[in-house]
Amino acid sequence: MSDLAIPEGPEERAAALADFATYLNPQKVRVMRTAGLDIVEGERSGPWVWDVDGRRFLDCFTSAGSFNVGRRHPAVVAAAKEALDHLDHGNFLLCSAQKARLAERLAEIAPGNLSCTTFGTGGGEAIDFALKLARGSTGRPTIVSTVNGYHGHTGFALSAGGRDAFREPFEPLMPDFRFVPFGDGDALRAVVDNTTAAVILEPIQGEGGIVVPPDGYLTAAREACDAVGALLIFDEIQTGMGRTGKWFASQHEGVVPDIMTIAKSLGGSLAAISATIYTEEVREFLIPHPFIHLSTFGGSDLACAIALATLEVIEAEGLVENAAAMGVRLHAGLAELAAAHPDMIAETRGRGLMAGLKYREDSHGPRMSYQLSQRGVLAIYSGNEPSVMRVMPSLVVGPDEIDLLLTALDDSVRAVRSGDGPADAGTTRARRRPERATT
Ligand SMILES: Cc1ncc(COP(=O)(O)O)c(C=O)c1O
């Protein structure tokens, strides 16, 4: 077998887990096994993924919203193959037709007057640049972020992260970051002043536990910024690209930020690409500093070609509209589930195909992941809020997949309630890779 082929079978799965534990992260293997998530991805297609041992899962994690067009969408794969015949990363210092075309498309899709783009490779990089741009263009130091917000693990992004456990081992981080409770317009107004460079928010907190702010919150943020000349940054890395039933979640309230970040699904499950999109006014800062932020692989020619195909698929297949329609079905089913199991489910929430299920106890998160995995559903509790199971399938799902998911959730809640748990989670204990003949 070539090292590039997808391995198959339980032996290969065990070997991959053992090697992962040895050479990457043993504790991750243990945690994933306990939650029934020691899955080694094999084939992937549309809303589905197969473990290398042949088990099929409806992927409701989707790398936190990275597979909006599904896994390996045929049109995106075809565009990638065609691009490979002609392109490579490109020379980052030169001007690129692919970057220009993608930035033009993003200007068409982005709300309001967001028409200028700088590309990166991942979400954290896009956030880092957004915050640099805010400080650079306002000449002010302070960044206001939200408690339990999540913006990535790079330098500025981690500094804006609202979870102490991720931050504390690395203190001191960047200075002058302040945190306010998410969803509280008064708290925001009280802290934003003429030292504020920017307020940064997720329009719906993702890792924080799929928290939809009250109506009017984004407007309050806009007004607080406008009152003192601060910039408003919306992190749409998880909420964007159609996930909530609009291209961008901020469009539900019709509020336009000065800077918006996207990543994840922009790459159509095949390329690492992110974008920081901003107004011409904000771009003024870059006129005297055209080389102040560089990224060798940010918006590579290959990635731009793949992203262009991804945008085309979202549009041609009506995936934004499908997210809205399937979201209605999903949320109706989740509400029924909560009503049927009030002792276990405290609340369901979200928008479109970004849904959260809040349990009464944190410990239900891993136990539900385990039960769902036994029923062919891959779902993981939120990074910053273990009591919330997030449900974020790809936007290509139809009614059958939503119904399968709802049935699996109902069965899993019953199993957890009856005390079933990952008791046999250790039976798939990883073994060392068997010796193989080299070819
Ligand atoms: C809202 C949000 N911002 C930023 C990031 C960081 O993105 P990346 O992991 O690509 O750096 C994430 C990742 O989950 C995210 O959900």
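Residues numbered from 1 in each chain as written. Predicted model: local features only at pLDDT ≥ 70, side-chain atom pairs only at ≥ 80, totals over all residues.

### A short note on the overall build of the chain
Step number 1: The number of helices and strands found in the chain is 15 helices and 15 strands.
Step number 2: Here the C-alpha radius of gyration of the chain, 22 Å, is about what a compact globule of 439 residues would show, namely 22 Å.
Step number 3: Taking all 439 residues of the chain together, the buried fraction comes to 51%.
Step number 4: Taking the contacts inside the chain whose residues are at least 6 apart along the sequence as the reference set, 77% of them involve residues at least 24 apart. (Helix = DSSP H or I, 4+ residues; strand = E, 2+ residues; numbered from the N terminus. Rg over C-alpha atoms; globule rule 2.2 N^0.38 Å. Buried ≥ 20, exposed ≤ 12 C-beta atoms within 10 Å, placed from the backbone. Contact = placed C-beta atoms within 7 Å.)

### Digging into the sheet that holds strand E10 (residues 274-278)
Step number 1: The strand order across the open sheet built from seven strands is E4-E10-E9-E8-E7-E5-E6, with neighbouring strands paired in mixed fashion. The sheet terminates laterally at strand E4 (116-120) and strand E6 (177-180), the two strands that pair on one side only. In this sheet, adjacent strand axes meet at a mean angle of 20° when their direction is disregarded.
Step number 2: The pairing of strand E5 (residues 142-146) with strand E7 (residues 196-201) spans three bridges and is classified as parallel. (Pairing = 2+ DSSP bridges. Axes fitted to C-alpha atoms, helices over the stretch in contact; angles between N-to-C directions.)

### A short note on the site of the ligand
Step number 1: Near the ligand, the surroundings consist of 15 residues, among which Gly122, Gly123, Gly124, Gly152 and Ile237 are the closest.
Step number 2: In terms of residue count, helix H6 (residues 123-138) provides more of the shell around the ligand than any other element does, three residues in total.
Step number 3: Classifying every residue of the shell around the ligand by side-chain character gives five nonpolar, seven polar and three charged. (Near = placed C-beta within 6 Å. Nonpolar A, V, L, I, M, F, W, Y, C, P; charged D, E, K, R; others polar.)

### Brief notes about the domain arrangement of the chain
Step number 1: As far as domains go, the chain holds domain 1 (10-65 + 318-428) and domain 2 (74-316).
Step number 2: Sorting the residues of the side of domain 1 that touches domain 2 by element identifies helix H3 (62-65), helix H13 (319-340), strand E11 (345-351), strand E12 (354-359) and strand E15 (388-391) as the ones contributing at least two each.
Step number 3: In terms of residue count, the dominant contributor to the side of domain 1 that touches domain 2 is H13 (five residues).
Step number 4: Tallied by class, residues from the side of domain 1 that touches domain 2 come to 10 nonpolar, nine polar and five charged. (Domains from an automatic or database assignment.)

### What to know about helix H12 (residues 301-316)
Step number 1: Taking 1.5 Å of rise per residue, 16 residues should cover 22 Å, and H12 covers 23 Å from first to last C-alpha, within 8% of that figure.
Step number 2: Most of H12 is tucked away, with 12 of its 16 residues classed as buried.
Step number 3: Within the span of H12, buried status applies to Asp301, Leu302, Ala303, Cys304, Ala305, Ile306, Ala307, Ala309, Thr310, Leu311, Val313 and Ile314.
Step number 4: In this structure, the buried side of H12 is in contact with helix H4 (74-86), helix H5 (97-109) and H13. (Expected span 1.5 Å × (residues − 1).)

### Digging into the pairing of E4
Step number 1: Most of E4 sits inside the fold, with four of its five residues counted as buried.
Step number 2: Pairing of E4 with E10, which is carried by five bridges, proceeds in the antiparallel orientation. Bridged to Gly120 within E10 is Ser274.

### Quick word on the nonpolar core
Step number 1: The biggest cluster of nonpolar side chains holds 117 residues, and the ones touching the most others in it are Ala134, Ala198, Val199, Leu231, Ile233 and Ile306.
Step number 2: A per-element tally of this core places H12 first, with 10 residues.
Step number 3: Split by domain, this core shows at least three residues from each of two domains, domain 1 (10-65 + 318-428) and domain 2 (74-316).
Step number 4: Residues within four places of Ala134 in sequence aside, it is in contact with Ile143, Ala197, Ala198, Leu231, Ile233 and Ile259. (Core = buried A, V, L, I, M, F, W, Y, C linked by C-beta atoms within 7 Å.)

### Topic: H6
Step number 1: For H6, which comprises 16 residues, the first-to-last C-alpha distance of 23 Å matches the rise-based estimate of 22 Å (1.5 Å per residue) to within 8%.
Step number 2: With 13 of 16 residues buried, H6 is to be regarded as a mostly interior element.
Step number 3: Just downstream of H6 lies Gly139, where phi reads positive at about 70°.

### Details of the packing of H5 against H12
Step number 1: One can describe the packing of H5 onto H12 by two numbers: an axis separation of 8 Å at closest approach and a directional angle of 35°. The two elements H5 and H12 meet at a crossing, and its hand is left-handed. Contacts between H5 and H12 involve Gln98, Lys99, Arg101, Leu102, Arg105 and Ile109 on the former and, on the latter, Asp301, Cys304, Ala305, Ala307, Leu308 and Leu311. (Left-handed = near helix turned anticlockwise from the far one by under 90°.)

### As for the sheet that holds E15
Step number 1: What the four strands build is an open sheet, ordered E11-E12-E15-E14; its pairing is antiparallel. Because the sheet does not close on itself, it has two edges, and the strands there are E11 and strand E14 (380-381).
Step number 2: The sheet contact formed by E14 and E15 spans two bridges and is antiparallel. Its bridge partner being in E15, Ile380 is matched across the sheet by Arg390.
Step number 3: Strands in contact with H13 are E11 and E12; relative to E11, the strand with the most contacts, it is inclined by about 170°.

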